[in-house]
Amino acid sequence: MNIQPNALYQEMQSLALEATRNKPQDSLPVQSSANSSAQFGQMLSDAINTVNGLQKEAKSKVTALEMGDRSVSLAEVMIASQKSSVAFEATVQVRNKLVESYKEIMSMPV
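These remarks concern the structure in this document.

About the thresholds
Residues numbered from 1 in each chain as written. Predicted model: local features only at pLDDT ≥ 70, side-chain atom pairs only at ≥ 80, totals over all residues. Heavy atoms only, no water. Helix = DSSP H or I, 4+ residues; strand = E, 2+ residues; numbered from the N terminus. Buried < 20%, exposed > 50% of the residue type's maximum accessible area, 1.4 Å probe, protein only. Contact = heavy atoms within 4.5 Å. Areas by Shrake-Rupley, 256 points an atom, 1.4 Å probe, with all protein chains shown as cover. Salt bridge = Lys/Arg side-chain N within 4 Å of Asp/Glu carboxyl O. Patch = residues over 30% accessible without salt bridge, like charges linked within 9 Å, V, L, I, M, F, W, Y side chains within 5 Å.

Helix and strand counts for the protein stand at 3 helices and 0 strands. Walking the protein from its N terminus toward its C terminus, one meets helices and strands in the order α-α-α. Here the protein holds 110 residues, and the buried ones make up 7% of them. By sequence separation, contacts in the protein at least 24 residues apart represent 57% of the contacts at least 6 residues apart. Summed over all atoms, the accessible surface of the protein reaches about 9400 Å², with 60% contributed by carbon and sulfur.

Structure (C-alpha cells):
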C-alpha cells in the first residue's frame, strides 16, 4: 500500500469543506432557542456517533490483523487507530471546554 504524505491533510480539508457546504451561508440565525438547542443536541449526538464509529472500525481492523486477515495491512490498522485516537481526544477537549464554560456561567452573579 502506498501512503501519500498529504493524504490525511487532504482528507481533513475535504471533511472541512463538506462541513461548511452543509451550513446555510446567507441566512441569519433567527431560530428559536428550543430549535437551536435541539440542533445542538443533534450535532453533539452525531459527533459522538462518528467517534464511536471510528473506534469500532479501528477495533475491527485490529482484530482482523490479529486474526491473520491478509486483506488488512498494518498501515490501514495504524491509520484507523490514529483517526480514532485523534477524534476521541478532540471529543474530550470539547467536553472539557463545555464543562469549563458551564462552571463559569454558573459562578456568575445573577
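There is more to say, and it comes next.
If charged atoms from side chains of opposite charge come close, those side chains can pair. Overall, the coordinates contain 1 salt bridge when judged by the stated rule. Between Lys61 and Glu57 there is a salt bridge, and its shortest N-O distance comes to 3.5 Å. With Lys61 and Glu57 both in helix α2 (residues 33–66) and 4 residues apart, this pair spans about one turn of that helix. Take Lys61: its relative accessible area is 22%, and that puts it in the partly exposed class.

Our focus in this paragraph is the side chain of Ser84. In this structure, Ser84 sits in helix α3 (residues 74–106). Using a relative accessible area of 9% as the deciding quantity, one classes Ser84 as buried. The contacts of Ser84, once residues within four sequence positions are left out, are Leu54, Gln55 and Ala58.

With that out of the way, let us pick up a nonpolar patch on the surface. Where nonpolar side chains cluster on the molecular surface, the patch consists of Phe40, Met43, Leu44, Ile48, Val94 and Leu98 and spans about 530 Å² of accessible area. Secondary structure elements with two or more residues in the nonpolar patch: α2 and α3. In terms of residues, the nonpolar patch owes the most to one element, α2, which gives 4 residues. Residue position: Leu44 is located in helix α2.

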